[in-house]
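Descriptive structure summary
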Amino acid sequence: MDFKFDDIGMQPKVKEAFKELAEQIPEGGNKAANVPTVSAPDASASISAEYTQAEIQAIATLANANKAAINALISALVSAGLMEGA
């Protein structure tokens, strides 16, 4: 893949490193699949001095939604060939 940038004054090793990196980028630029945003409400909005069961459940729901979003992001990156799977 050809990149246009001013390489005047760049050290030869730096130019070589950029060239090697550019060769690793696939033509057409693979894109990862769309990943949905986390839709769980912000748990900190209603936390009182002493936690209630509902507040703890809201925190757990948000943590679970974050985990699902992170896993979806990782899966999309692996599917697009931008990251190796675990």
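None of the values given here were measured: they were computed from a predicted structure.

Things to note about the overall build of the chain
When helices and strands are tallied, the chain shows two helices and zero strands. Buried residues in the chain amount to 9% of all 86 residues. The contacts of the chain with a sequence gap of at least 6 include a subset with a gap of at least 24, amounting to 51%. About 7,200 Å² of surface is accessible on the chain, with carbon and sulfur atoms providing 57% of the total.

Some points on the environment of Ala-76
Relative to the elements of secondary structure, Ala-76 occurs in helix 2 (residues 53–79). The spacing of Ala-76 and Ala-32 is 44 residues in sequence and 5.1 Å in space, taken between C-alpha atoms. Sequence-distant contacts of Ala-76, defined by excluding residues within four places in its chain, comprise Ala-32, Ala-33 and Val-35.

With respect to helix 2
Working note: α-helix, 3.6 residues per turn, so residues spaced by three or four point in the same direction. Given a rise of 1.5 Å per residue, 27 residues ought to cover 39 Å, and the 39 Å separating the end C-alpha atoms of helix 2 matches this to within 8%. When we look at burial in helix 2, the residues that qualify are Glu-55, Leu-62, Ala-69 and Ala-76.

Some remarks on a nonpolar patch on the surface
A cluster of nonpolar side chains, contributed by Ile-70, Ile-74, Val-78, Leu-82 and Met-83, occupies part of the molecular surface with about 390 Å² of accessible area. Within the secondary structure layout, Ile-70 lies in helix 2.

Each value, and the rule that gives it
- Residues numbered from 1 in each chain as written.
- Predicted model: local features only at pLDDT ≥ 70, side-chain atom pairs only at ≥ 80, totals over all residues.
- Heavy atoms only, no water.
- Helix = DSSP H or I, 4+ residues; strand = E, 2+ residues; numbered from the N terminus.
- Buried < 20%, exposed > 50% of the residue type's maximum accessible area, 1.4 Å probe, protein only.
- Contact = heavy atoms within 4.5 Å.
- Areas by Shrake-Rupley, 256 points an atom, 1.4 Å probe, with all protein chains shown as cover.
- Expected span 1.5 Å × (residues − 1).
- Patch = residues over 30% accessible without salt bridge, like charges linked within 9 Å, V, L, I, M, F, W, Y side chains within 5 Å.
- Salt bridge = Lys/Arg side-chain N within 4 Å of Asp/Glu carboxyl O.

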